[in-house]
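Listed below, chain by chain, are the residues.
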Amino acid sequence: MRLRAILDAFATGPRGAGRPVRVWPADETLWLRENGAWRPRAARHVLHALASLGSRGRYAAHAERGVKILTGPVSTMALPDAEAEIRFVFHVTPLGYGEAAF
């Protein structure tokens, strides 16, 4: 199954201009910037949603058929496997360190 087909099958929320689907690894920096997740508090919320597979305010994550879908206020990103998830977490983790617990 091609990645685009996976993204189409698992993307949550409205499609089209309202909530575009981003592709890992090409669009992780774009996804973080457009969803405001480069701020330390927002980065922690993203990490919490990804770790607990639930909603954390404006950010949510869920898993379907081995793909994790991370939804932000502006766009959605699919992490197709565990390696992609680990790389994404390492990309976000420095932004989520050094602040009070959320």
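Residues numbered from 1 in each chain as written. Predicted model: local features only at pLDDT ≥ 70, side-chain atom pairs only at ≥ 80, totals over all residues. Heavy atoms only, no water.

Caption draft 1: Looking closely at the pattern of salt bridges. Evaluation of the coordinates by the stated rule reveals three salt bridges. Here E83 makes a salt bridge to R87, at a shortest N to O gap of 2.8 Å. Of this pair, E83 and R87 both sit in helix α4 (residues 82–96), four residues apart, which is roughly one turn of that helix. (Salt bridge = Lys/Arg side-chain N within 4 Å of Asp/Glu carboxyl O. Helix = DSSP H or I, 4+ residues; strand = E, 2+ residues; numbered from the N terminus.)

Caption draft 2: Quick look at the environment of R41. Examined against the element boundaries, R41 turns out to sit in helix α3 (residues 40–52). Judged by its relative accessible area of 59%, R41 is exposed. Separated by 55 residues in sequence, R41 and G96 have C-alpha atoms that sit 6.5 Å apart. (Buried < 20%, exposed > 50% of the residue type's maximum accessible area, 1.4 Å probe, protein only.)

Caption draft 3: View of the packing of aromatic side chains. Summed over the entire model, instances satisfying the criterion amount to three aromatic pairs. Here W24 and F88 contribute two aromatic rings whose centre-to-centre distance is 5.9 Å and whose plane-to-plane angle is 85°, an arrangement assigned as edge-to-face. With W24 in the loop between β1 (21–23) and α2 (28–34) and F88 in helix α4, the pair connects residues that are 64 residues apart, well separated along the chain. Each member of the pair, W24 together with F88, is buried. Each ring, one from W31 and one from F88, has its centre 6.0 Å from the other, and the planes form 75°; the classification is edge-to-face. Of this pair, W31 sits in helix α2 while F88 sits in helix α4, placing them 57 residues apart in sequence. F88 carries the same exposure label as W31, and that label is buried. One aromatic cluster in this structure is built from W24, W31, Y59 and F88. (Phe/Tyr/Trp six-rings, centres within 6.5 Å; stacked < 30°, edge-to-face > 60°.)

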